[in-house]
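In case you want the letters, here they are:
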Amino acid sequence: MSTVQEKVQPFAAPKGIPEYYPPESAGFTHVRDTLSAAAERAGYGYVELPVFEETGLYARGVGESTDVVSKEMYTFADRGERSVTLRPEGTAGVVRSVIEHGMDRAGLPVKLRYAGPFFRYERPQAGRYRQLQQVGIEAIGADDPALDAEVVAVADEGFKALGLTGYRLELTSLGDASCRPAYRSLLQDFLAGLDLDAATRARAAINPLRVLDDKRPEVRALMEDAPLLLDHLSPASAEHHAAVLQHLDDLGVAYTINPRMVRGLDYYTKTTFEFVHDGLGAQSGIGGGGRYDGLMATLGGQPLSGVGFGIGVDRTLLACGVEGVQPWSTARVEVFGVPLGDAARRRLVVIAGALRKAGVRVDLAYGGRGVKGAMKAADRSGARYALVLGERDLEAGTVGVKDLASGEQRDTALDAVVPELVAALAS
Ligand code: HAM
């Protein structure tokens, strides 16, 4: 029997999935938590929902003609032969949960926030991933334009809190059930008179609105005089739209109207918006959302309206990189212990425990490396102070406290080092 083991080929993560690990992961968690905190300040309670659901939820909720449902879903049969799908977006799941748990029987609107991974089988490229991260909010049960404005403002505050400035907000209204069908046939009539290629014609048959944001110059030219939904809104939708804009003006949230905006999900009505960052190239949408007044009923609930957004955490982090804003620290710890010898190690383990109990982030050099290696580890950890403890210090009852930025080192009494460091770090 041979004892020689064949070298194992290491595994790689699935294609198109960004991984975040230290020190860069500090940026990821900071972006996610800052966006989430803006939602928390506006009273959105946290929901933790399944990352997979019954496939029918998305077919029904998001729409079978959308790319997301028809081409991009991770759908598989589980061991009980049920068709399940990794969630491609969050709104349908939130609405399912609101209905299932009767959250809409208490006070309205129900305001919820969520954060986590979503899955779309897209062609991976910079800023477009198969596992993407969102922070989202949904407010269900109030058809109030002030609520649309709040949702938009929460996203805007989140971006501002990160220090981002190079983005803009595009907004439109997609109308409601009383004006959309008439507009749709108007647009279809217009498209029938154009010289379009077969593929575009097929797209137009499924969803004529999608031809409106076709990026090809020749199609854009043809669509110049296309009728726009904004000019054909029902009185109720037009009034709602005007009120949303008034609230945004009152709040000082800047926007541009984009009457040709098309979103990739079918449930939108009335207010629809996108945050676009021009530094990101083709994948410039850092967040989007809108109102979905039919979704609750479509999924078997009461006929209640809803409005929300999903912000892409991956792309927002990329936007921070492009703008050179980094409001987070990549330091793992604040204090790093460097023991020189076994007795010193025992003492530093106890000091580290006491500091952690006092809320200070502490790490130690492990594995019996020499002083040089340990000091390098201290620098790498991002700590402000190193605690250097040798046998002679122990005998003298002192410990060296080194300021890693200035290089200055001074001795402190071992008994006093915990409160002293706590005070120094607080200042
Ligand atoms: P969505 O526009 O499909 O909307 O996605 C929201 C955001 O997620 C996008 O603006 C983008 O930043 C990010 N995102 C989407 N796909 C990818 C991808 N493949 N790679 C990286 N980032 C991506 C929704 O999902 C709706 N559920 C939002 C919503 C909530 N509407 C109402 N309530």
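It should be emphasised that the depicted structure is a prediction, and the values quoted were computed from it without experimental measurement. Sequence order as written defines residue numbering, which begins from 1 separately in each chain. Confidence filtering applies because this is a predicted model: local features only for residues at pLDDT of at least 70, side-chain atom pairs given and counted only at 80 or more, and all residues used for totals across whole chains, interfaces and linings. By convention in this description, side-chain values take in all heavy atoms of the structure and omit both hydrogens and water.

Draft legend 1. Structural view of the site of the ligand. For the ligand, the set of nearby residues contains 27 residues, the closest of which are Glu89, Glu122, Glu138, Tyr268 and Gly285. Here a polar contact means two N or O atoms within 3.5 Å. Within protein one must be a hydrogen donor candidate and the other an acceptor candidate, and residues neighboring in sequence count only if both atoms are side-chain atoms. Gly308 places a polar main-chain atom, nitrogen or oxygen, 3.5 Å from a nitrogen atom of the ligand. The separation between a nitrogen atom of the ligand and a polar main-chain atom of Phe309 is 3.4 Å. Each accessible area is a Shrake-Rupley estimate made with a 1.4 Å probe; only the visible protein chains count as cover when residues are assessed. Across the complex, the protein chains shield 95% of the 660 Å² of accessible surface that the ligand would expose by itself. Starting at the N terminus, helices and strands are each numbered in turn, a helix being any DSSP run of H or I of at least four residues and a strand any DSSP run of E of at least two. Counting only elements with at least two residues in the shell around the ligand, the list comes to strand S6 (131-140), strand S10 (285-291) and strand S11 (306-312). In terms of residue count, S10 provides more of the shell around the ligand than any other element does, six residues in total. Within the shell around the ligand, the residues separate by chemical class into nine nonpolar, 11 polar and seven charged. Near, as used in this document, describes a residue that has one of its heavy atoms within 4 Å of the molecule or strand being considered. Throughout, the ten residues Ala, Val, Leu, Ile, Met, Phe, Trp, Tyr, Cys and Pro are labelled nonpolar, Asp, Glu, Lys and Arg are labelled charged, and all others, Gly among them, are labelled polar.

Draft legend 2. Up close: the domain arrangement of the chain. Assigned domains within the chain: domain 1 (25-179 + 233-323) and domain 2 (335-426). Delimitation of the domains relies on an automatic or database domain assignment. The distance between the C-alpha centroids of domain 1 and domain 2 comes to 47 Å.

Draft legend 3. Quick peek at the side chain of Glu170. Following the sequence through the fold, Glu170 ends up in strand S7 (residues 167-173). Glu170 gets classed as buried once you look at its relative accessible area, which sits at 13%. Here Arg168 takes part through its side chain, which lies 2.5 Å from a polar atom of the side chain of Glu170. Within polar-contact distance, the side chain of Glu170 engages the side chain of Asn258 at 2.8 Å. Residues are treated as being in contact if the distance between any of their heavy atoms lies within 4.5 Å. Discounting chain neighbours no more than four positions away, the residues touching Glu170 are Thr256, Asn258, Met261, Thr272, Phe273, Glu274 and Val276. Buried means the residue's accessible area, taken with a 1.4 Å probe over protein chains only, is under 20% of the maximum for its type, while exposed means over 50%, and partly exposed covers the values in between.

Draft legend 4. Structural detail: empty space enclosed by the protein. Every definition here rests on a 1 Å grid over the protein atoms only: cavities are sets of points where a 1.4 Å probe fits but cannot get out, pockets are open sets enclosed by protein on both sides within 12 Å along at least five of seven lines, and lining residues have some atom within 4 Å of a point. Grid points are joined across faces, edges and corners, and a volume is the space filled by probe spheres set on the points. Within the structure shown, the criterion is met by three cavities of 30 Å³ or more. Here the largest cavity defines a volume of roughly 60 Å³. Lining the largest cavity are Leu49, Pro50, Glu53, Tyr58, Arg87, Glu89, Gly90, Gly93, Tyr114 and Phe118. The class makeup of the residues in the lining of the largest cavity is five nonpolar, two polar and three charged.

Draft legend 5. Broad picture of the sheet that holds strand S14 (residues 385-389). Across the sheet, which stays open at both edges, the five strands sit in the order S13-S12-S14-S15-S16 with mixed pairing between neighbours. At either end of the open sheet lies a strand with only one pairing partner, and these are strand S13 (362-364) and strand S16 (409-413). Each strand of the sheet is rotated relative to its neighbour by a mean of 25°, with strand direction disregarded. Taken together, the five bridges between strand S12 (residues 335-339) and S14 define a ladder with parallel strand orientation. Two strands are said to pair when DSSP picks up at least two bridges between them. Axis lines are fitted through C-alpha atoms, for helices just across the contact stretch, and the angle between N-to-C directions can take any value from 0 to 180 degrees.

Draft legend 6. Here's a closer look at the pattern of salt bridges. Salt bridges, as used here, are contacts in which a Lys or Arg side-chain nitrogen is within 4 Å of a carboxyl oxygen on Asp or Glu. All chains considered together, the criterion is met by 25 salt bridges. A salt bridge links Arg291 to Asp148, with the nearest nitrogen and oxygen atoms 2.7 Å apart. A residue pair is termed long-range when its members are at least 10 positions apart, and Arg291 in strand S10 and Asp148 in helix H5 (residues 145-161) qualify at 143 residues. You'll find Arg291 and Asp148 in the same group, each marked buried. Across the pair Arg203 and Asp214 runs a salt bridge whose closest N-O atoms are separated by 3.3 Å. Taken together, the residues Arg203 in helix H7 (residues 198-206) and Asp214 in the loop between H7 and helix H8 (217-223) connect sequence positions 11 residues apart. By relative accessible area, which is 8% here, Asp214 ends up buried.

Draft legend 7. Quick look at the sheet that holds strand S3 (residues 75-77). Sheet architecture is open: three strands sit in the order S2-S4-S3, paired in antiparallel fashion. Across the chains shown, the open sheet's two edge strands, defined by having one partner strand only, are strand S2 (52-54) and S3. Within this sheet the neighbouring strands show an average axis-to-axis angle of 35°, counted without direction. Here S2 pairs with strand S4 (residues 83-86) via three bridges, running antiparallel. For Phe52, the partnering residue across the bridge sits in S4 and is Leu86.

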